[in-house]
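Geometric and topological summary
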Amino acid sequence: MDENSEIELQAAAFRRLRDHLRKRTDVQNIDLMNLGGFCRNCLSRWYMEAARTRGLDLTESESRKAIYGMPYEEWKKNYQTEATAEQIAIFELTENGDD
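Small disclaimer: the values here were computed from a predicted structure and weren't measured.

Tallying secondary structure elements over the protein gives six helices and zero strands in all. When the helices and strands of the protein are listed from N to C terminus, the series reads α-α-α-α-α-α. In terms of overall dimensions, the protein has a C-alpha envelope of 45 × 30 × 25 Å along the principal axes. Looking at the protein as a whole, 28% of its 99 residues are labelled buried. Sequence-distant contacts in the protein: of pairs separated by 6 or more residues, those separated by 24 or more amount to 53%. A total of about 7,100 Å² of accessible surface is found on the protein, and carbon and sulfur atoms cover 51% of it. Each charge class in the protein was averaged separately, 14 positive and 19 negative side chains, and the resulting centres sit 7 Å apart.

Shown next, in the form of C-alpha coordinates:
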(Lines give C-alpha, C1' and ligand atoms only; values in the text may rest on other atoms or scores of the structure.)
Protein backbone atom coordinates (compact mmCIF):
# COMPACT_ATOMS: atom_id res chain seq x y z
CA MET A 1 0.00 0.00 0.00
CA ASP A 2 1.33 3.46 -0.83
CA GLU A 3 1.72 6.12 1.86
CA ASN A 4 -1.13 8.34 0.60
CA SER A 5 -3.57 5.43 0.63
CA GLU A 6 -2.51 4.53 4.16
CA ILE A 7 -3.02 8.13 5.32
CA GLU A 8 -6.46 8.25 3.68
CA LEU A 9 -7.48 5.01 5.37
CA GLN A 10 -6.23 6.22 8.74
CA ALA A 11 -8.13 9.49 8.33
CA ALA A 12 -11.31 7.63 7.38
CA ALA A 13 -11.00 5.37 10.43
CA PHE A 14 -10.45 8.41 12.66
CA ARG A 15 -13.53 10.16 11.24
CA ARG A 16 -15.58 7.05 11.82
CA LEU A 17 -14.42 6.84 15.44
CA ARG A 18 -15.16 10.54 15.92
CA ASP A 19 -18.64 10.19 14.42
CA HIS A 20 -19.34 7.06 16.46
CA LEU A 21 -18.43 8.87 19.69
CA ARG A 22 -20.63 11.83 18.69
CA LYS A 23 -23.60 9.48 18.32
CA ARG A 24 -22.86 7.58 21.55
CA THR A 25 -23.52 10.46 23.92
CA ASP A 26 -24.60 7.85 26.48
CA VAL A 27 -20.97 6.77 26.81
CA GLN A 28 -19.32 9.03 29.36
CA ASN A 29 -15.72 10.16 29.08
CA ILE A 30 -14.87 8.60 32.43
CA ASP A 31 -16.11 5.24 31.12
CA LEU A 32 -13.89 5.59 28.06
CA MET A 33 -10.94 6.49 30.30
CA ASN A 34 -11.57 3.60 32.66
CA LEU A 35 -11.92 1.03 29.89
CA GLY A 36 -9.68 2.34 27.14
CA GLY A 37 -7.34 4.84 28.74
CA PHE A 38 -8.50 7.72 26.51
CA CYS A 39 -11.58 9.83 25.99
CA ARG A 40 -13.00 12.52 23.74
CA ASN A 41 -10.85 15.14 25.47
CA CYS A 42 -7.74 13.07 24.75
CA LEU A 43 -8.72 12.90 21.08
CA SER A 44 -9.24 16.65 20.98
CA ARG A 45 -5.85 17.24 22.62
CA TRP A 46 -4.13 14.90 20.16
CA TYR A 47 -5.92 16.68 17.31
CA MET A 48 -4.72 20.07 18.59
CA GLU A 49 -1.16 18.79 19.06
CA ALA A 50 -1.13 17.43 15.50
CA ALA A 51 -2.32 20.80 14.20
CA ARG A 52 0.37 22.63 16.11
CA THR A 53 3.13 20.36 14.84
CA ARG A 54 2.03 21.45 11.38
CA GLY A 55 2.16 25.13 12.28
CA LEU A 56 -1.61 25.52 12.62
CA ASP A 57 -2.95 27.59 15.50
CA LEU A 58 -5.87 25.60 16.87
CA THR A 59 -7.34 26.46 20.25
CA GLU A 60 -8.54 23.94 22.81
CA SER A 61 -12.14 25.09 22.19
CA GLU A 62 -11.77 24.61 18.43
CA SER A 63 -10.23 21.17 18.79
CA ARG A 64 -12.93 20.04 21.23
CA LYS A 65 -15.63 21.28 18.87
CA ALA A 66 -13.98 19.28 16.07
CA ILE A 67 -14.30 16.12 18.17
CA TYR A 68 -17.58 16.71 20.01
CA GLY A 69 -19.38 18.29 17.05
CA MET A 70 -20.47 21.19 19.27
CA PRO A 71 -18.94 23.44 21.89
CA TYR A 72 -17.67 21.40 24.83
CA GLU A 73 -19.77 23.30 27.38
CA GLU A 74 -22.90 22.49 25.35
CA TRP A 75 -21.99 18.79 25.25
CA LYS A 76 -21.38 18.74 29.01
CA LYS A 77 -24.69 20.48 29.68
CA ASN A 78 -26.67 18.12 27.44
CA TYR A 79 -24.93 14.77 27.95
CA GLN A 80 -22.43 14.62 30.80
CA THR A 81 -23.60 12.97 33.99
CA GLU A 82 -22.06 13.06 37.44
CA ALA A 83 -19.40 10.40 37.86
CA THR A 84 -20.22 7.74 40.40
CA ALA A 85 -17.96 6.93 43.32
CA GLU A 86 -17.16 3.62 41.63
CA GLN A 87 -16.17 5.31 38.35
CA ILE A 88 -13.91 7.74 40.20
CA ALA A 89 -12.30 4.93 42.21
CA ILE A 90 -11.56 2.96 39.04
CA PHE A 91 -10.15 6.08 37.39
CA GLU A 92 -7.85 6.72 40.34
CA LEU A 93 -6.71 3.08 40.48
CA THR A 94 -5.80 2.93 36.82
CA GLU A 95 -4.01 6.29 36.82
CA ASN A 96 -5.54 7.26 33.47
CA GLY A 97 -4.81 10.49 31.68
CA ASP A 98 -1.04 10.20 31.34
CA ASP A 99 -1.01 10.45 27.52
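That shown, we press on.
This part is about the nonpolar core. Residues Leu21, Val27, Leu32, Met33, Cys39, Cys42, Leu43 and Ile67 constitute the largest nonpolar core, which totals eight residues. Broken down by secondary-structure element, the contributors of at least two residues to this core are helix H2 (29-36) and helix H3 (40-53). Beyond its immediate stretch of four places on either side in the chain, leucine 21 contacts Leu32, Arg40 and Leu43.

You can see glutamate 92 is positioned in helix H6 (residues 85-94). Linking glutamate 92 and arginine 24, residues 68 residues apart in sequence, is a C-alpha distance of 24 Å.

Let us now look at the packing of helix H1 (residues 3-23) against helix H4 (residues 60-68). At a minimum axis separation of 8 Å, H1 and H4 run at an interaxial angle of 80 degrees. With respect to H4, the element H1 is oriented roughly perpendicular. On H4, the residues touching Phe14, Arg18 and Arg22 of H1 are Lys65, Ala66, Ile67 and Tyr68. Residues belonging to the contact of H1 with H4 are distributed by class as follows: four nonpolar, no polar and three charged.

Time to look at the pattern of salt bridges. Throughout the structure, instances matching the rule amount to five salt bridges. With a closest N to O distance of 2.9 Å, aspartate 19 and arginine 18 form a salt bridge. Of the residues examined, aspartate 19 reaches a relative accessible area of 31% and is grouped as partly exposed. A salt bridge links glutamate 73 to lysine 76, with the shortest nitrogen-to-oxygen separation between them at 3.6 Å. In this pair, glutamate 73 and lysine 76 both sit in helix H5 (residues 72-79), three residues apart, roughly one turn of the helix. Residue classification places lysine 76 among the partly exposed positions, given a relative accessible area of 28%.

Rules used throughout
Residues numbered from 1 in each chain as written. Predicted model: local features only at pLDDT ≥ 70, side-chain atom pairs only at ≥ 80, totals over all residues. Heavy atoms only, no water. Helix = DSSP H or I, 4+ residues; strand = E, 2+ residues; numbered from the N terminus. Buried < 20%, exposed > 50% of the residue type's maximum accessible area, 1.4 Å probe, protein only. Contact = heavy atoms within 4.5 Å. Areas by Shrake-Rupley, 256 points an atom, 1.4 Å probe, with all protein chains shown as cover. Lys, Arg positive; Asp, Glu negative; His and termini not counted. Charge placed at Lys NZ, Arg CZ, Asp CG, Glu CD. Core = buried A, V, L, I, M, F, W, Y, C linked by side-chain atoms within 4.5 Å. Axes fitted to C-alpha atoms, helices over the stretch in contact; angles between N-to-C directions. Parallel < 35°, antiparallel > 145°, perpendicular 65-115°, else oblique. Nonpolar A, V, L, I, M, F, W, Y, C, P; charged D, E, K, R; others polar. Salt bridge = Lys/Arg side-chain N within 4 Å of Asp/Glu carboxyl O.

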